[in-house]
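# Report on the structure
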Amino acid sequence: MCELNTERTNLFLRNEIKLDDHHRLTCAFAAMGLLASPLFLEPIKDFQRHMPRRSPGNPYTPEEIFKNPAYAIYLEYALQRCAGIHLQTIQRNQDGRYVIVGP
């Protein structure tokens, strides 16, 4: 989708994170992380600062949903990738686990 029309895809994803449907939000964050465009960094940070309100019929707010680690990982992934994946490296720590080092 992005290769066909990058500008339209970017606009679509930025609009998706203004909604309160957690399925659509997680998909949008996964796509933003995959594209890893710095253009998404500010909209993602704005989402964190001002999460959408709960719509009628939706029992949970996005803020409640993204406290759940199963959903929070999508937001973290998008932030990490859009913040500058090219500046990060994977290194082995003292415990033998691999960790991401960088901004």
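Residues numbered from 1 in each chain as written. Predicted model: local features only at pLDDT ≥ 70, side-chain atom pairs only at ≥ 80, totals over all residues. Heavy atoms only, no water.

Let us now look at the overall build of the chain. For the chain, the helix and strand inventory stands at five helices and two strands. Helices (α) and strands (β) of the chain occur, in sequence order from the N terminus, as α-α-α-α-α-β-β. For the chain, the spread of C-alpha atoms along the principal axes amounts to about 50 × 35 × 20 Å. Evaluated residue by residue, the chain yields a buried proportion of 33% over its 103 residues. (Helix = DSSP H or I, 4+ residues; strand = E, 2+ residues; numbered from the N terminus. Buried < 20%, exposed > 50% of the residue type's maximum accessible area, 1.4 Å probe, protein only.)

Moving on: the side chain of threonine 26. Checked against the element boundaries, threonine 26 lands in helix H2 (residues 22-35). You can call threonine 26 buried: its relative accessible area is 8%. Within the structure, the side chain of threonine 26 is placed 3.0 Å from the backbone oxygen of histidine 23, a separation counted as a polar contact. The residues contacting threonine 26, other than those within four sequence positions of it, are Phe66, Tyr71 and Tyr74. (Polar contact = N/O pair within 3.5 Å; in protein donor to acceptor, adjacent residues only side chain to side chain. Contact = heavy atoms within 4.5 Å.)

Right, let's talk about the pairing of strand S2 (residues 98-101) for a bit. Both strand S1 (residues 89-92) and S2 contribute to a ladder of four bridges, which runs antiparallel. Paired with threonine 89 across the bridge in S2 is valine 101. Between the antiparallel neighbours S1 and S2 lie five residues, among them glycine 96 with a positive phi of about 85 degrees. (Pairing = 2+ DSSP bridges.)

Take helix H1 (residues 6-16) next. Taken together, the buried positions of H1 are occupied by Thr9, Asn10, Leu13 and Glu16. Buried residues of H1, seen end-on, are gathered within an arc of 125 degrees and therefore sit on one face of the element. Opposite its buried face, H1 presents the exposed residues Glu7 and Arg8, each directed more than 90 degrees away. In this structure, the buried side of H1 is in contact with H2. (Arc of directions from axis to C-beta.)

In the contact formed by H1 and H2, the axes pass within 9 Å of each other and the chain directions differ by 140 degrees. By the angle between their axes, H1 is oblique relative to H2. As H1 packs across H2, the resulting crossing turns out to be left-handed. Contact residues: H1 offers Thr9, Leu13, Arg14 and Glu16, while H2 offers Arg24, Leu25, Ala28, Ala31, Met32 and Leu35. (Axes fitted to C-alpha atoms, helices over the stretch in contact; angles between N-to-C directions. Parallel < 35°, antiparallel > 145°, perpendicular 65-115°, else oblique. Left-handed = near helix turned anticlockwise from the far one by under 90°.)

One recurring pattern in soluble globular proteins: nonpolar side chains tend to sit buried together. Among the nonpolar cores identified, the biggest contains 16 residues, and Ile17, Phe29, Met32, Ile44, Phe47 and Phe66 are the most heavily contacted of them. Setting aside anything within four residues of it in sequence, one finds isoleucine 17 in contact with Leu25, Ala28, Phe29, Met32, Pro43, Ile44, Phe47 and Pro52. (Core = buried A, V, L, I, M, F, W, Y, C linked by side-chain atoms within 4.5 Å.)

On to the confidence of the model for the chain. Model confidence for the chain is summarised by a mean pLDDT of 87, while 95% of its residues fall at 70 or above. By mean pLDDT, the top-scoring element of the chain is helix H3 (residues 41-49) (94), and the lowest-scoring one is S2 (85). (pLDDT = per-residue confidence, 0-100.)

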